[in-house]
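Breakdown of the fold
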Amino acid sequence: MYEIRDKSGIVKAKIWLAAHEIEPTALQQIYNMLSLPIIHPWLAIMPDVHMGIGATIGSVLPCDATLIPAAVGVDIGCGMCSVKTSLRRSDIVTQLPTIHHGIRQRIPMGFEHRRSGQMDEVKQFATKKILEWLRDYDKNSGIADQLGTLGGGNHFIELQVDPDDAVWIMLHSGSRNIGKTLAETHMKIAKQWCKSHGEKPPPNLDFIEESSPEGSELISD
């Protein structure tokens, strides 16, 4: 790990890999982030850092009472969960092809989505505010058809076995269209907020004061 300090010796960034291991586009984004006046106390760069939208992916960007929608990311709604079942390895070892087929048959993956919305299922656990939010966003983005789907890329469903032969289900689901819609909506709002307050941040690093109405709306969403 090494540090980047300003002229007065104050630590501005802590980086957990060598500079030559960082791709040039990501390195430029790191310096863009360091130019922001709202970072407190320092920027942290993880070993998996790579280019993102405005901010790098693989960075921790602590801000003083402000929010950067692009740095929060377009993956809001991605989920990961590991659940222990009552099954043992011997219960499923001969059934794996059938289980695999059943999962693929029931859960849309990649670009696939539901043929109809899942609002009835959501009503079982969602608050009134969440339902109102979903209906509002669904008008333009079809979020309801994405609920209960997996996504593509690095998202997966796995059956795992622990050292005691207990079977676990592990799931990494995508944000689908929810994260993208949220990010793009609030990135536009942040750009307008910075313009109206005379702020000129680097590309896609527009920010909003946390206590502002726009900040409250971002947190709520």
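Heads up: these notes are all about the structure in this document. (Residues numbered from 1 in each chain as written. Predicted model: local features only at pLDDT ≥ 70, side-chain atom pairs only at ≥ 80, totals over all residues. Heavy atoms only, no water.)

Observations regarding the overall build of the chain
As a reminder of what qualifies: Runs of E in the DSSP output that reach at least two residues are strands. Runs of H or I that reach at least four are helices, and both are numbered from the N terminus. Whether a residue is buried, partly exposed or exposed follows from its accessible area with a 1.4 Å probe, protein chains only, as a fraction of its type maximum: under 20%, in between, or over 50%, in that order. Contacts are assigned to residue pairs with any non-hydrogen atoms lying within 4.5 Å of each other.
Looking only at helices and strands, one finds 8 helices and 9 strands in the chain. Summarising its shape, the C-alpha atoms of the chain cover approximately 65 × 40 × 25 Å along the three principal directions. Relative to its 221 residues, the chain shows a buried fraction of 38%. Long-range contacts, defined as pairs at least 24 residues apart, comprise 60% of the intrachain contacts of the chain with a sequence gap of at least 6.

Thoughts on the packing of aromatic side chains
Cut-off, in case you're wondering: Stacked, tilted and edge-to-face pairs are distinguished by plane angle, under 30 degrees for stacked and over 60 for edge-to-face with tilted covering the rest, among Phe, Tyr and Trp rings (Trp via its six-membered ring) whose centres lie within 6.5 Å. Only Lys NZ and Arg CZ are tested; either one counts as a charge over a ring when it is within 6 Å of the ring centre and within 35 degrees of the ring normal.
For the structure shown, the criterion picks out 1 aromatic pair. Both rings, one in Trp-193 and one in Phe-207, keep their centres 6.2 Å apart while their planes meet at 55°; by these two values the pair is tilted. Of the two residues, Trp-193 is situated in helix α7 (residues 176–196) and Phe-207 in the loop between α7 and β9 (208–209); the sequence distance between them amounts to 14 residues. Side by side, Trp-193 and Phe-207 carry an identical accessibility label, which is buried. The ring of Trp-42 carries the charged tip of Lys-14 above its face, separated from the ring centre by 3.8 Å.

Some thoughts on a nonpolar patch on the surface
The criterion, for reference: What makes a patch is a set of residues exposed beyond 30% relative accessible area and free of salt bridges, joined within 9 Å when like-charged and within 5 Å when nonpolar (Val, Leu, Ile, Met, Phe, Trp, Tyr). Values of accessible area rely on a 1.4 Å probe in the Shrake-Rupley scheme; residue burial ignores everything except the protein chains shown. Salt bridges, as used here, are contacts in which a Lys or Arg side-chain nitrogen is within 4 Å of a carboxyl oxygen on Asp or Glu.
A cluster of nonpolar side chains, contributed by Val-83, Leu-96, Leu-159 and Ile-169, occupies part of the molecular surface with about 300 Å² of accessible area. Looking at the secondary structure, you find Ile-169 in strand β8 (residues 166–173). Given the relative accessible area of 39%, Ile-169 is considered partly exposed.

Looking at helix α1 (residues 24–34)
Among all positions in α1, only Ala-26, Gln-29, Ile-30, Asn-32, Met-33 and Leu-34 are buried. Tucked into the core, α1 has its buried residues touching β1 (2–5), β2 (11–15), β3 (43–50) and β4 (57–60).

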